[in-house]
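# Fold and geometry: a report
Read off the chains here:
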Amino acid sequence: MYSLTCFKIFLVVHRQFALPVSSFILAFDHTGRQYSSPQELQKVALERYNKMKGNFPERLVSGSDDFTMFLWKPADDNNSKLMTGHQQLVNHVCFSPDGQWIASASFDKSVKLSNVTAGESITTFHGHVGPVYQMSWSADSRLLLSGNKDSTLKVWDIRT
């Protein structure tokens, strides 16, 4: 996955006066390429986004302290799917790199794996002895790493 970050520099002359200096645009990506204008930077970012998105619709997922998640399709204003199953607040949600799965971590000491297309829970991983705080996917979407309150990590193979 590519990351592209853009920074604008502001020249502060006085604490009540900030002058934007538009000729200084710093952009950093994994290639080290320098961009000559904000328009070129936007074009490259849009090309990368469209390449990663492919033919799949854009989706967002949110986790809540009411134990639920919502799967949103921004292009379709009224189309959201309520996802339930956790017994305590949902602390972290993330899509797999291939875009097929959603993982959710909860204070109920579990990690849930859901299908993006259907928005349905596929399985629940149990084994943590405390609230699960964070997760991270392997680049091939095969392994899921979760970390909990007692600083232990678990690696889950989603194929099993």
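In what follows, the accompanying structure is described. (Residues numbered from 1 in each chain as written. Predicted model: local features only at pLDDT ≥ 70, side-chain atom pairs only at ≥ 80, totals over all residues. Heavy atoms only, no water.)

### Some details on the environment of Ala 139
- By the element assignment, Ala 139 lies in the loop between strand S10 (132-137) and strand S11 (143-148).
- A sequence separation of 41 residues divides Ala 139 from Asp 98, and the C-alpha atoms of the two residues are 8.4 Å apart. (Helix = DSSP H or I, 4+ residues; strand = E, 2+ residues; numbered from the N terminus.)

### With respect to the nonpolar core
- Of all hydrophobic cores here, the largest spans 13 residues; its most connected members are Val 111, Met 135, Trp 137, Leu 144 and Ile 158.
- Every element with two or more residues in this core is listed here: strand S7 (101-106), strand S8 (110-115) and S10.
- Once residues lying within four places of it in the same chain are set aside, the contact partners of Ile 158 are Trp 101, Leu 113, Phe 125, Trp 137, Ser 141, Arg 142 and Leu 144.
- One finds Val 61, Leu 71, Val 90 and Val 116 within the second-largest nonpolar core, a separate group that totals 8 residues. (Core = buried A, V, L, I, M, F, W, Y, C linked by side-chain atoms within 4.5 Å. Buried < 20%, exposed > 50% of the residue type's maximum accessible area, 1.4 Å probe, protein only. Contact = heavy atoms within 4.5 Å.)

### Some words on the environment of Ser 138
- Mapped onto the secondary structure, Ser 138 falls in the loop between S10 and S11.
- Sequence spacing of Ser 138 and Ser 96 is 42 residues, and the spatial spacing of their C-alpha atoms is 8.2 Å.

### A closer look at the pattern of salt bridges
- Enumeration according to the criterion identifies 3 salt bridges in this entry.
- Among the salt bridges present, the one from Glu 120 reaches Lys 81, with a minimum N-O distance of 2.9 Å. With a gap of 39 residues between them, Glu 120 in strand S9 (residues 120-126) and Lys 81 in strand S5 (residues 80-83) connect regions that are remote in the sequence.
- Take Lys 81: its relative accessible area is 30%, and that puts it in the partly exposed class.
- A salt bridge links Asp 140 to Arg 142, with the shortest nitrogen-to-oxygen separation between them at 3.1 Å.
- Taking relative accessible area as the criterion, Asp 140 reaches 46% and is therefore assigned partly exposed. (Salt bridge = Lys/Arg side-chain N within 4 Å of Asp/Glu carboxyl O.)

### A closer look at the pairing of S7
- For S7, the buried fraction is high: 6 of the 6 residues fall into the buried class.
- Taking every second residue as pointing to the same face, both faces of S7 are buried, with Trp 101, Ala 103 and Ala 105 on one and Ile 102, Ser 104 and Ser 106 on the other.
- Between strand S6 (residues 90-95) and S7, which follow one another and run antiparallel, lie 5 residues, and Gly 99 among them has a positive phi close to 80°.
- Looking at chain direction, S7 and S8 are connected through 5 bridges and run antiparallel. Note that in S8 the partner of Ala 103 across the bridge is Leu 113. (Pairing = 2+ DSSP bridges.)

### Some words on unusual backbone geometry
- The phi dihedral of Phe 67 is positive, around 75°, even though this residue is not glycine.
- Its place among the elements puts Phe 67 in the loop between strand S3 (60-63) and strand S4 (69-72).
- Given the relative accessible area of 37%, Phe 67 is considered partly exposed.
- Phi angles above zero are rare outside glycine, and Ser 151 is one such case at about 70°.
- Positionally, Ser 151 belongs in the loop between S11 and strand S12 (153-157).
- Ser 151 sits in the exposed class, given a relative accessible area of 65%.

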